[in-house]
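An overview of the molecular structure
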Amino acid sequence: MWDQILQFLITGVTVGATYALVALGFAIIYNASDVVNFAQGEFVMIGAMTAIALSAGDGGLPLPLALIGAVLITIAVGILLQRFAIAPARGASVVTTIIITIGASIFLRGVALLVWGKDIFAMPHFSGEIPLHIGNATLLPQNLWVMGGAALLVMGVHYFFNHTIIGKAILACSCNRTAAHLVGINVGLMMLVAYGLSAFLGAMAGILVAPITFTSYDAGVMLGLKGFSAAILGGMGNPMGAVAGGLALGLIESLAAGLISSGYKDAIGFIILLLVLFIRPSGMFGKVSAERV
Amino acid sequence: MALLEVKDLTKAFGGVTAIADLHFKVPENKVYSVIGPNGAGKTTLFNMLSGIYHPDEGSIRFLDQEIIGKEPHAVAEMGLSRTFQNLQMFFNMTVLDNVLVGCHLRTHSGLFSAAFRLPSVIREERVARQWAEEALAFCGLEEYSRQHADALPYGVLKRIEIARALAVQPKLLLMDEPAAGLNDTETLEMRSLIRRISESGITVLLVEHNMGLVMQVSDRILVLDYGSRLAEGTPEEIQNNPQVIEAYLGGEVQYAV
Amino acid sequence: MRRLAGFYILAAGVALLPVFFPDNYFITVVGVTAGIHVILAVSLNLLMGYAGQISLGHAAFFGIGAYTSAILSARYGWNPWLAMLTGLLLTGVIAYFIARPILRLKGHYLAMATLGFGIIINIVLVQNGQLTGGPDGLGDIPSLTIFGWEVDSDLHWYGVIGVAMLAVIWLSLNIIDSRSGRALRALHGSEVAAEMMGINTTTTKTGVFVLAALIASFAGSLFSHQQGFVSPGSFSFFFSIELVTMVVLGGMASTYGAVFGAIVLTFLPELLVVFEDYEVMIFGAILMLTMIFLPQGIFVGLRNLAYKLRKKNATPDSIAGKEQNRGTA
Amino acid sequence: MNIRKTMTALAVSTLMSLTAAQALAADTIKVGSFLAVTGGASFLGDTELKTLQMYVDEVNAKGGIDGMQVELIHYDTGGDSKKAVNFAKRLIKKDQVDVIVGGSTSGTSMAVIDEVESEGIPFISLAGSVKIVEPVKKWVFKVPHTDRMAAGKIFEDMKKRGISKVALISGDGGFGKSGRGETLALAPEYGIEIVADESYGAKDTDMTAQLTKIRDTDAQAVLNFGFGTGPAIVTKNVRQLGITIPLYQSHGVASKKYIELAGDSAEGVRLPAAALLVADKLADADPQKPVLVAYQTKYEAAHGAVSTFGGHAFDGLYIALEAIDRANSTDKAKVRDEIEKTTNFIGTGGIFNMSATDHLGLGLDAFKMLEIKNGDWTLVE
Amino acid sequence: MPSDTPLLKVDELSSHYGPIQALFGVSLEVKQGELVAIVGANGAGKTTLLHTLSGVQKASGGQVFLDTREITKQKPHKIVAAGVCHVPEGRQVFAPLSVDDNLRLGAYALRKEKEWVEQELDNIYTLFPILNEKSAQSAGTLSGGQQQMLAIGRALLGRPRLLLLDEPSMGLAPLLVEEIFRVIQSLNDQGVTILLVEQNARAALGIANRGYVLETGKVVLSAGADELLKDEAVRRAYLGY
């Protein structure tokens, strides 16, 4: 029984780490620009797909180079998205921006479909596939890559926002745009940085999990949805809350699949999410905002 | 008789006291003004009177009934209406529709009868429209009735908010800075409008920065400073109260009037 | 009669099209789908466009109606009308109970909660195979019979859906231009001000949520009996998002905008089929570009533009859309 | 499709959209198709469409059927049954096709049955579920092996290996659910006990939770019904968890892609599949061999590794075209009758013998039991 | 001491807030080293004027010159980099960030000049010892007066040639108002050119060289501070006699 639970926890943390990275991407963009970027899942897909495409075949790049290339391309996509789809629509209503980002996600999926077709692709594991044992529970080296990579990235993001002037400048934009302008921060540039950072996290998530989960042109849809759920669960606008939300969602799903019903595990995840929202309308760690009249 | 009676009212936001131990009475059929420097807690007070915020302590009795704990729509139903410092127009509607919303409590047709547009609905619409047009006429807004709210000048919007609040047929009307942002002519119009409202038998509770207006229309004035009562009295008393002058015009009293 | 002028033009169009094209695929087949989409979009627009409560789970109510009709009439041999009525009841009850907690949420949290609700319902449809037929769906759903006349051809269905659609549009136009409709729009414009006018925003929101759900359920039942087959894929969250897109693309807070959006988004994929692999990309691009350049939606955006051209200085950009022809009844 | 063709098609469809029925071209045979070319089941629809296009071109290059050219009209359903119904109507009413070969998924196939039955048009489905032809519907046929046959074939093999306790895990999609249903229904007949019944979502990325539960049962084998990435992840997770009992997959993974994705973990996995996958390993005397090798060669020259799904499209197309040939007409009733009379048709899926009571015409022997060894299919004797 | 060269010259500036015109051709000048006050009642357009000067709000007509360089259409961060630093109405500190971070963000445009920033930071901490004491706390926890000091300090770290101050006394206790005004005065004495917008006309004109009276988006009066203080028009605008 405890072995089982340990296994569920390992699974939950791995899946949750992926969700956490996607959720973190959501939170960063939301914080910086009040936009929920429904194309966040597509960053994950593009990261994984370009990494595979760049490394594939005889003329392909060595894996590390391919990964760097993939990350750079994804960041470029994120920046282009901000520049040409989000920035022109500044001031639009919540629903309008939702539809724009949904349109962007469909568009990116369509492009991926044209470029890579409908095939499912696999990526080699970074360091072999020999399972490691913890008691009766097992995990793959790649699970450690996912967990460790996610942990490093989260810490990196934390450092970026707490200890660098650019990171603080983005935070300043998100808490008071006018004041940010007034202290001389180039707010437009900061938006690009935020989208680039978010795309970077998406690409990293895609690259880390692709060896385990495979990838295809439509792999971003479900991850985007789960990441959004996680960000909401943790409380939109609180990056570390989003990370916690991601881990929580991964664990809930894994434990629900193992202990209750695998068919209803997603439903259970969403029911818990709804219950959390009913009790705390702004998520687990979200700020309760007082409405000004 | 006091229409509204506030006792021991206290409200703090995250440790900062916005209103402290406040008490006052608003007599019926009078214009009662609340003044005070920016940040003195006037809007917070209004929000508590209208049920939007709940105070930490104290009581608010309107028509001898406790307001605290009631939701704003229930407070409105008791006969209290208000306007807002930052316009709260329904910008997605025409002027007439805005004021028609004010007739909500005086009409009764439900979703079902409205969906099928039963004769009773058509009749009620006609009557409500008449009321709304009366309220618009009262505020001198007949010409704007068909226009969309988002296309109108600020001063007009301010008056539409008043017409909308009047359509509720309130016993007490709270006006939150009706003259803010108005030019001289508009302020004059506002003054006469407030007088007309008062003459029509509605008690007015006014928050305003424009002292000229306040002094001219008020029967009594309450001065707030840091959420507490600084002074209360007739306009003359207030104008000559040294504490008020200092609170208002700043520390250097050598220019005192 | 100016109030309903647009409606009469629309009704005439709906009535005349099959006279000229009695057996045209785009009229009697896609037209029927478009009609159902119009009903759904108009109902969602009441909730989203007018009352300002975003819902990414509207397909769930469509599905509850469709499946109740399907299960009761196909599996248990109920009269389709009775099945439809039961579907409405069930939807009403569910909508009523989730409305209060869900509508306390705002913005993206509300979007997430409705989306989650939609997904939960979809999972239930997929997992309860004995009852719902699971992901492969449920077939042999009987058609509707109206006073002994069986609705058994595309043209007949065109008539039935056309009438239902017009009825829903009519109801929506009536509601919007009434005390209740103004209450809806008011709470969108400013919730505090609406409260101060004596509108109980909580019950008003609940009311419109339930109403929108009921109309969606009605559309679901019609869909179910018209198709003769239902499967969970037709009620997925993708479809919910498609519905939101219809409302937004046409123009929020305009019944005609919703009608327009539904029709465009039903026909667009039919026309994009020829682009094959490019279809997905083109669709995404159209969606994005429309919202960037006409953030108020195509219908409302173009109408406002037309206003502007007609009288130079009137009607600057509106915050929400505007419904024209709001004259006296 | 090249640009010019696309532009023409667009122009035509816009122009024709509001005019009444298109003029009938008497000298063409119109084959209609609706396939899940995009979406979750695209790996079915994609290869099916490529096969149909390839062979329609070939038939036309050889002079057509009875001098008539064959025209293929196809639509992408994305796996959505709602779209399938409308496209079926579009094929029948607007395009006025003579026969429909399509329906990649069971859901989309089931959805159009009402329509084809009431309109009276021969429809050959390319989907798996046995419910499509059972009970027999007048106008509906299908060519792929059923999930019931797959379950039967697997149970046969299990019995030979002395396995009686099986842990089932299946995908949440139509294929997995339907396979699960047939497995559960058929197990008692073979004296097999299902000791676990787990499932996973189509886009799930990790099934270790479900498999951990399975590991702690006394199952002697794991059976997975599903398609897409799911089965490959299941295969990898099984190995990761150190589960050593045999793993069976369904015919849903019958493409090289599965081996490629699952890699070494796929070693020893067994699955029932059409002979197409092992065409080169068949005995030369096998009547199917020439057909299979020809299809494989042609397909792989153009598009890469074959899967059995494309083969179903081949079978469906030729059964339809041969029936039209035999009927000497495109009269729908006559074509239907001829399809029903299909005997000894050697296809990629097996040798078809249809009848008034059997609109599939394949027996269990049409399935081969395969095992993956050294990254390739091998026949289990 | 004030010199004769205008550091800031505003010429016929107009601005719209949505459909509402807020400024109607405002013209004014601030000379090098001057402390100029703009007084006027609520809603007169004072804040809009400052926002338009610092580029946050778009001008719909007219021109703004810093020295002789036109800055009317410049992006806000360029204007800040040119030396116009703005202390906004209501402080608008970055509430979740620490006091120290807030100050450092004030030097965002000068972040490369590390030494200067550290030195200026020390100066600010000496000027406002309370900020030093609370440097690690989040700005949102400060009292109103401390936030005002923070906002001024933040603007000073932008190395202002022209400091725009918007209602520094708003919501502050009289003692604090006095202190803030003392600080403003001493900044000006140290040579910082200041444009001060205030509702508290007495305090503002008490320390200013010159003043402008703004009413409904127009300059209605401009004169030396002492004259304005005695002018009936000013008093009427505020007290309504």
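Reading the values: the criteria
Residues numbered from 1 in each chain as written. Chains lettered and ligands numbered in written order. Predicted model: local features only at pLDDT ≥ 70, side-chain atom pairs only at ≥ 80, totals over all residues. Heavy atoms only, no water. Pairing = 2+ DSSP bridges. Helix = DSSP H or I, 4+ residues; strand = E, 2+ residues; numbered from the N terminus. Axes fitted to C-alpha atoms, helices over the stretch in contact; angles between N-to-C directions. Disulfide = S-S within 2.5 Å. Buried < 20%, exposed > 50% of the residue type's maximum accessible area, 1.4 Å probe, protein only. Right-handed = clockwise from strand over helix to strand, strands pointing away. Contact = heavy atoms within 4.5 Å. Buried area = accessible area lost by both parts, 1.4 Å probe. Salt bridge = Lys/Arg side-chain N within 4 Å of Asp/Glu carboxyl O. Polar contact = N/O pair within 3.5 Å; in protein donor to acceptor, adjacent residues only side chain to side chain. Nonpolar A, V, L, I, M, F, W, Y, C, P; charged D, E, K, R; others polar. Expected span 1.5 Å × (residues − 1). Domains from an automatic or database assignment. Phe/Tyr/Trp six-rings, centres within 6.5 Å; stacked < 30°, edge-to-face > 60°. Lys NZ or Arg CZ within 6 Å of the ring centre and 35° of its normal.

Examining the sheet that holds strand E3 (residues 99-102) of chain D
Sheet strands associate in pairs through backbone hydrogen bonding, adopting either a parallel or an antiparallel arrangement. Residues and elements named next belong to chain D. The five strands lie next to each other as E2-E1-E3-E4-E5, forming an open sheet whose pairing is parallel. Of all the strands in the sheet, the pair left with one neighbour each is strand E2 (69-76) and strand E5 (140-142). For this sheet, the mean inter-axis angle between neighbouring strands, taken without regard to orientation, is 25 degrees. Both strand E1 (residues 28-35) and E3 contribute to a ladder of two bridges, which runs parallel.

A look at the state of the cysteines
Evaluated as defined, the whole model comprises zero disulfides over all chains. Counting only cysteine sulfurs, Cys139(B) is the nearest neighbor of Cys103(B), a cysteine outside any disulfide, at a range of 12 Å. By relative accessible area, which is 1% here, Cys103(B) ends up buried. Here Cys85(E) stays free of any disulfide, with the sulfur of Cys173(A) as its closest cysteine sulfur at 17 Å. Look at Cys85(E) and you get buried, because its relative accessible area is 2%.

Looking at the pairing of E2(D)
All names here are of chain D. The buried fraction of E2 is high, at six of eight residues. Bridging between E1 and E2 involves eight bridges; their strand directions are parallel. Within E2, the residue paired with Gly32 across the bridge is Ile73. Between the parallel elements E1 and E2, the chain passes through helix H2 (residues 42-61) in a crossover that is right-handed.

Looking at the interface of chain E and chain A
By convention, interface size is frequently given as the accessible area that disappears when the constituent parts associate. Facing 20 residues of chain E, the contacting portion of chain A comprises 18 residues. Roughly 1,800 Å² is buried in total at the junction of chain E and chain A, and carbon and sulfur atoms are behind 73% of that figure. When the buried area of chain E at its contact with chain A is split by residue, His77(E), Phe94(E) and Tyr108(E) rank highest and sum to 33% of it. Between the two partners, chain E and chain A, sit one salt bridge. When the shortest N-O distance is used, the salt bridge between Asp101(E) and Lys168(A) registers 2.6 Å. At the surface where chain E touches chain A, the tally comes to three residue pairs in polar contact (both at pLDDT 80 or more). Looking at the side of chain E that touches chain A, the elements with two or more residues in it are helix H2 (76-81) and helix H3 (99-106) of chain E. Examining the composition of the side of chain E that touches chain A, we find that four residues originate from one element, H3(E), more than from any other. Here the side of chain E that touches chain A is composed, by residue class, of ten nonpolar, six polar and four charged.

Describing helix H11 (residues 308-327) of chain D
All names here are of chain D. Between its first and last C-alpha, H11 extends 28 Å over 20 residues, near the 28 Å set by a 1.5 Å rise per residue. In terms of burial, H11 is a largely internal element, 17 of the 20 residues being buried. Remark: Asn328 follows H11 within two positions and exhibits a positive phi of approximately 55 degrees.

Quick notes on the domain arrangement of chain D
Residues and elements named next belong to chain D. One can read the domain layout of chain D as domain 1 (11-145 + 290-364) and domain 2 (148-273). Here domain 1 and domain 2 have C-alpha centroids that lie 30 Å from each other. Taken together, the contact pairs 17 residues of domain 1 with 14 residues of domain 2. Counting each side, the surface lost to burial between domain 1 and domain 2 is near 1,200 Å², with a carbon and sulfur contribution of 69%. Connecting domain 1 to domain 2 are one salt bridge. For the salt bridge of Arg148 with Glu134, the shortest nitrogen-to-oxygen distance reads 3.0 Å.

Topic: the pattern of salt bridges
All told, the structure shown has 54 salt bridges over all chains when counted by the stated rule. The partner of Glu125(B) in a salt bridge is Arg182(C), and the shortest N-O contact between them spans 2.9 Å. On the criterion of chain membership, the pair formed by Glu125(B) in helix H5 (residues 119-138) and Arg182(C) in helix H8 (residues 179-189) is interchain, its members lying in two chains. Across the pair Glu232(B) and Arg229(B) runs a salt bridge, and its minimum N-O distance is 3.4 Å. By relative accessible area, which is 34% here, Arg229(B) ends up partly exposed. Each of Lys226(A), Glu253(A), Lys265(A), Asp266(A) and Asp204(D) takes part in salt bridges that share partners, so that together they form one network.

So, the interface of chain C and chain B
If you look at the interface, chain C gives 38 residues, while chain B gives 40 residues. Roughly 3,500 Å² of surface becomes buried between chain C and chain B when both sides are summed, with 61% attributable to carbon and sulfur atoms. Our count for the contact surface shared by chain C and chain B stands at two salt bridges. Connecting chain C to chain B are eleven residue pairs in polar contact (both at pLDDT 80 or more). For the side of chain C that touches chain B, the element with the highest residue contribution is H8(C), accounting for eight residues.

Concerning the packing of aromatic side chains
Tallying each qualifying case throughout the model produces 35 aromatic pairs over all chains. Arranged with centres 6.0 Å apart and planes meeting at 50 degrees, the rings of Phe345(D) and Phe352(D) form a pair that is tilted. Note on Phe345(D): relative accessible area 6%, which makes it buried. Ring pairing ties together the aromatic residues Phe62(C), Tyr67(C), Phe223(C), Phe235(C) and Phe239(C), which thus form one cluster. For Lys298(D), the ring lying beneath its charged end belongs to Tyr55(D), and the centroid distance is 5.6 Å. The residue whose ring lies beneath Arg154(E) is Phe94(E), and the NZ or CZ to ring-centre distance is 4.8 Å.

Observations regarding helix H7 (residues 208-215) of chain D
Because the α-helix completes a turn every 3.6 residues, residues three or four places apart line up on one side. Across the eight residues that make up H7(D), a large majority, six, are buried. Along H7(D), the residues classified as buried are Thr208(D), Ala209(D), Gln210(D), Leu211(D), Thr212(D) and Ile214(D).

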